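Topology and contacts: notes
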Amino acid sequence: MTQRSDGADAPATVSTSEGVKQTPDRLRFDERKLDAYLATHLPGYAGPLIVKQFSGGQSNPTYLLETPGARYVLRRKPPGDLLPSAHAVEREHRIMTALHGAGFPAPRTYLLCEDADVIGSVFFVMEFIEGRIFWEARLPDTEPAERRAIYDAMIDTQAKLHSIDFESVGLADYGKHTDYIARQIGRWSKQYQAAETGEIRAMNDLIEWLPGAAPKDDSVSIVHGDFRLDNVIFASDRAEPLAVLDWELSTLGHPLADFTYFLMVWEFPPDVRGGLLGADFEALGIPTIEEAAARYGAQTGRGEIDNLDFYFAFNLFRMASILQGVYARSLQGNASSDQADAMGAQVKPLAEMAWRRAKQAGA
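The sections below set out a description of the structure shown in this document.

Calculation rules
Residues numbered from 1 in each chain as written. Predicted model: local features only at pLDDT ≥ 70, side-chain atom pairs only at ≥ 80, totals over all residues. Heavy atoms only, no water. Pairing = 2+ DSSP bridges. Helix = DSSP H or I, 4+ residues; strand = E, 2+ residues; numbered from the N terminus. Contact = heavy atoms within 4.5 Å. Axes fitted to C-alpha atoms, helices over the stretch in contact; angles between N-to-C directions. Salt bridge = Lys/Arg side-chain N within 4 Å of Asp/Glu carboxyl O. Buried < 20%, exposed > 50% of the residue type's maximum accessible area, 1.4 Å probe, protein only. Phe/Tyr/Trp six-rings, centres within 6.5 Å; stacked < 30°, edge-to-face > 60°. Parallel < 35°, antiparallel > 145°, perpendicular 65-115°, else oblique. Nonpolar A, V, L, I, M, F, W, Y, C, P; charged D, E, K, R; others polar. Core = buried A, V, L, I, M, F, W, Y, C linked by side-chain atoms within 4.5 Å. Left-handed = near helix turned anticlockwise from the far one by under 90°. Polar contact = N/O pair within 3.5 Å; in protein donor to acceptor, adjacent residues only side chain to side chain.

Thoughts on the sheet that holds strand S7 (residues 71–76)
Taken in spatial order, the 6 strands line up as S4-S5-S6-S7-S9-S8 in an open sheet, and their pairing is antiparallel. The open sheet terminates on both sides in strands that have one partner only, identified here as strand S4 (20–21) and strand S8 (109–113). The sheet contact formed by S4 and strand S5 (residues 50–54) spans 2 bridges and is antiparallel. In the sheet register, Val-20 faces S5, and the bridge partner there is Phe-54. On top of the sheet, helix H1 (residues 31–41) reaches S5, strand S6 (62–66), S7, S8 and strand S9 (123–127); it is set at about 120° to S8, its chief contact. Its contacts with the sheet put helix H2 (residues 89–101) on S7, S8 and S9, and the angle it makes with S9 is roughly 30°.

With respect to the pattern of salt bridges
Scanning all chains against the criterion turns up 18 salt bridges. Residue Arg-201 pairs with Asp-205 through a salt bridge whose shortest N-O separation is 3.8 Å. Of the two residues, Arg-201 and Asp-205 are both situated in helix H5 (residues 201–213); the distance of 4 residues between them amounts to about one turn of the helix. A relative accessible area of 66% places Arg-201 in the exposed class. Glu-267 is the partner of Arg-357 in a salt bridge, and the nearest nitrogen-oxygen pair spans 2.7 Å. Within this pair, whereas Arg-357 is found in helix H11 (residues 347–360), its partner Glu-267 is found in the loop between helix H6 (255–263) and helix H7 (281–284), the two being separated by 90 residues in sequence. Given the relative accessible area of 13%, Arg-357 is considered buried.

Topic: the environment of Met-203
In this structure, Met-203 sits in helix H5. It is 8.6 Å that separates the C-alpha atoms of Met-203 and Ser-321, two residues lying 118 residues apart in sequence. Residues contacting Met-203, with those up to four places away along its chain left out, are Tyr-192, Phe-317, Ala-320, Ser-321 and Ala-351.

Notes on the packing of aromatic side chains
In the structure shown here, the tally under the stated rule is 15 aromatic pairs. Aromatic pair Phe-134 and Phe-234: ring centres 5.6 Å apart, planes at 65°, arrangement edge-to-face. Highlighted residues: Phe-134 in strand S10 (residues 132–134) and Phe-234 in strand S12 (residues 232–234), separated in sequence by 100 residues. The exposure class assigned to Phe-134 is buried, which follows from its relative accessible area of 1%. Judged by centre distance (4.0 Å) and plane angle (10°), the ring pair of Phe-259 and Tyr-296 falls under stacked.

Considerations on the packing of H6 against helix H9 (residues 308–332)
Packing of H6 against H9 leaves a shortest axis separation of 9 Å and a crossing angle of 75°. When the axis of H6 is compared with that of H9, the two are roughly perpendicular. Contact residues: Leu-256, Ala-257, Thr-260, Tyr-261 and Leu-263 in H6; Leu-308, Tyr-311, Phe-312, Phe-314, Asn-315, Arg-318 and Met-319 in H9. Its residues assigned to classes, the contact of H6 with H9 shows 9 nonpolar, 2 polar and 1 charged.

A short note on the nonpolar core
One finds Ile-222 and Trp-266 to be the most contacted residues of the largest nonpolar core, which totals 91 residues. A per-element tally of this core places H9 first, with 11 residues. Ile-222 has contacts with Ile-95, Leu-99, Leu-161, His-162, Ile-164, Phe-166, Val-169, Leu-171, Thr-251 and Leu-252, leaving out every residue within four places of it along the chain. Of all hydrophobic cores here, the second largest spans 19 residues; its members include Phe-29, Tyr-63, Leu-74 and Ile-119.

Side note on the packing of helix H4 (residues 180–195) against H9
Viewed as axis vectors pointing N to C, H4 and H9 meet at an angle of 30°, and their least axial separation amounts to 9 Å. Regarding the angle of H4 to H9, the classification is roughly parallel. The two elements H4 and H9 meet at a crossing, and its hand is left-handed. For the pair H4 and H9, contact is made by Ile-181, Gln-184, Ile-185, Trp-188, Ser-189, Gln-191, Tyr-192 and Ala-195 and by Phe-310, Tyr-311, Phe-314, Phe-317, Arg-318, Ser-321, Ile-322, Gln-324, Gly-325 and Ala-328, respectively.

Concerning the side chain of Thr-260
Mapped onto the secondary structure, Thr-260 falls in helix H6. Under the relative-accessibility criterion, Thr-260 is labelled buried at 0%. With sequence-adjacent residues up to four places away left out, Thr-260 is seen in contact with Leu-308, Tyr-311, Phe-312 and Asn-315.

Structural notes on the environment of Thr-157
Within the secondary structure layout, Thr-157 lies in helix H3 (residues 144–163). Residue Thr-157 is classed as buried on the basis of its relative accessible area, which comes to 11%. A sequence separation of 53 residues divides Thr-157 from Leu-210, and the C-alpha atoms of the two residues are 29 Å apart. Those residues in contact with Thr-157 that sit more than four places away from it in its chain are Phe-104, Pro-105, Phe-227, Pro-241 and Val-244. Here the side chain of Thr-157 touches Ala-153 through a polar contact of 2.7 Å, landing on its backbone oxygen.

Focus on the side chain of Arg-76
Relative to the helices and strands, Arg-76 resides in strand S7. Among the polar contacts made by the side chain of Arg-76, one reaches the side chain of Tyr-63 at a distance of 3.2 Å. Residues contacting Arg-76, with those up to four places away along its chain left out, are Leu-27, Arg-28, Phe-29, Asn-60, Pro-61, Tyr-63, Val-89, Ile-119, Gly-120, Ser-121, Val-122 and Phe-123.

Taken by themselves, the reported measurements are silent on function.
Spelled out as structure tokens, the structure:
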């Protein structure tokens, strides 16, 4: 067993048909009302409807919709008071629609409902994709050759995303074209401070240091914002990514910030998502962080990647801020996982890891 990103125990690999549960009371909605809405708005839909919630997913609750003839996935904003700009399922729907149309492995979307009266919040419906989700970075259920192929596919998929001409796919206004790092630092500093439940010195130090330490490189591309192994569905019989999930944090931004977020699992210990710290990479068949960076640099034409210490500090700070928000919502009773309290305990260690990286970068 391994720790999932939501803090619960799970097999290292699951099928997308698994990992569902009965919806807790705080996240239930009127299924008959949804059934009636889909019958009039979703072509080909025919009930009766069975709804179950997918396990995990800290931010936007996600549900499996089963009918006699088809399965769908519904993703919604959580109920309750929300932090400004958070839980933007409308943005998820928009970017997934654009990227799927461009041939990128994003799920097909079917509809967006902005009428909160239907289930209590804005939601969208997308296709259900059968495949494998890997929860543990060391991929214990696979052989070395497949591990290498899976990691190469992850790197290549992210490089493909960062190479898409965002203007040609209708996303020129999906975010600002400059100052991504500075804006992200400001955003997550404010989000953290709005959700703060106790003083963490390392977070305060990072909030003060990060703005003046950002590299001058102002590259811009589509960025996923949470690109990691368990946000990708792989084919059941091969190392092919069928769908990249969870686009809530996507925007136009700096590709290296996005890529080094993916690299953080190399820094995690084995009890955190089966992290790769201390791994025997040759025996496992998994690329080293240097090999991963070299492949990404070659795929994108960027070449050698500089300033990794800063980007690691930035991403660890950002993750700590996100988890603090999850913890704050759990105290209000509207977080989407019963394990949110446990995630609050990760904020301080992440902040301290970030501050150590900041010192390596010259803080």
